[in-house]
Amino acid sequence: TLPSGRYRAGYRLPNGEKRYIEGTFTHKKSAKDAAIEAEGKVKRPGWRDPRVGETTWGEWHTIWWPSRSIEPQTKASEESMIRNHITPKWADAPLAEITRHSVQAWARSLVTENIGSEDEPRFRKPSTARRILNVFVSSLTAAVDAEIVVANPAVRIKLPPNPTAEPVLLTREQFAALSEAVPNSQARAVLDFLAGTGLRWGELAALHLHNLD
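Just so it is clear, the structure is predicted and the values come from calculations on it, not from any experiment.

Side note on the overall build of the chain
Inference 1: Tallying secondary structure elements over the chain gives eight helices and two strands in all.
Inference 2: Along the chain, helices and strands appear, N-terminal first, in the series β-β-α-α-α-α-α-α-α-α.
Inference 3: Over its C-alpha atoms the chain spans a radius of gyration of 30 Å, topping by over 25% the 17 Å that the globule rule assigns to 213 residues.
Inference 4: A principal-axis box enclosing the C-alpha atoms of the chain has dimensions of 100 × 50 × 25 Å.
Inference 5: Buried positions account for 27% of the 213 residues belonging to the chain.
Inference 6: Within the chain, contacts between residues at least 6 apart in sequence are counted, and of these 52% link residues at least 24 apart.
Inference 7: Approximately 15300 Å² of the chain is accessible, and the part contributed by carbon and sulfur atoms is 53%.
Inference 8: Each charge class in the chain can be summarised by its mean position, and for the 29 positive and 25 negative side chains these summaries are 12 Å apart.

So this is what it looks like as structure tokens:
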């Protein structure tokens, strides 16, 4: 009973924590009925506390990041992405309020932001933006697995394709200069073989003598 004479409905979660229904009631029976109904809902199998979704991405990061098992070099790279690109945007965002639209807009900004100067504009490659986005996707996938959110809003986000790089071709004069700089005849034979056949380095490294005609 409140000092005003109205009633507040309280109930307990499965872990014993006490919660109150928003608003008040004129009659004690109405408050009690509402409390019984609310407590019945939280005791049903599969019930999820809606307040869990209020966890911010920054709070979730402190839980999720130490649980990752990745190579040291990958860890250093991803820590840089989180520090420079993900945390400034999402640290204070409640997980339940992150939408596909907001993630799409952020991902798009990663490739449209001028990271150069006004005189010499420079932009991130879509592949770089995709690597940053993938770290964010991983964090939200883990949040789904932890049953904090029901779906990952960062999956299937569209980014522009990587521009097709122009092939770099050597002139005969450039190849001759390169060949002259090679220190020994065996190395020059390798160079001639690569240039003459078009094999990639990995293909040559895997080539055995018995494969040659």
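Some remarks on the nonpolar core
Inference 1: With 30 residues, the main nonpolar core has Trp 57, Ile 86, Trp 90, Leu 95, Val 103, Trp 106 and Phe 136 as its most contacted residues.
Inference 2: Secondary-structure elements contributing two or more residues to this core are helix 2 (57-64), helix 3 (72-90), helix 4 (100-112) and helix 5 (126-145).
Inference 3: Considering each element in turn, this core owes the most residues, nine residues, to helix 5.
Inference 4: Counting five residues, the second largest nonpolar core, distinct from the first, contains Ala 9, Phe 25, Ala 34 and Ala 35.

Regarding helix 1 (residues 28-42)
Inference 1: Between the first and last C-alpha of helix 1 there are 21 Å, a value that for 15 residues agrees with the 21 Å anticipated at 1.5 Å per step.
Inference 2: Every buried residue of helix 1 is accounted for by Ala 31, Ala 34, Ala 35, Ala 38 and Val 42. Down the axis, helix 1 shows its buried residues gathered within 100° of arc, on one side only. In helix 1, those exposed residues whose orientation departs by more than 90 degrees from the buried face are Lys 29, Lys 32 and Ile 36.
Inference 3: Looking at the buried residues of helix 1, the elements they touch are strand 1 (10-12).

What counts as what
Residues numbered from 1 in each chain as written. Predicted model: local features only at pLDDT ≥ 70, side-chain atom pairs only at ≥ 80, totals over all residues. Heavy atoms only, no water. Helix = DSSP H or I, 4+ residues; strand = E, 2+ residues; numbered from the N terminus. Rg over C-alpha atoms; globule rule 2.2 N^0.38 Å. Buried < 20%, exposed > 50% of the residue type's maximum accessible area, 1.4 Å probe, protein only. Contact = heavy atoms within 4.5 Å. Areas by Shrake-Rupley, 256 points an atom, 1.4 Å probe, with all protein chains shown as cover. Lys, Arg positive; Asp, Glu negative; His and termini not counted. Charge placed at Lys NZ, Arg CZ, Asp CG, Glu CD. Core = buried A, V, L, I, M, F, W, Y, C linked by side-chain atoms within 4.5 Å. Expected span 1.5 Å × (residues − 1). Arc of directions from axis to C-beta.

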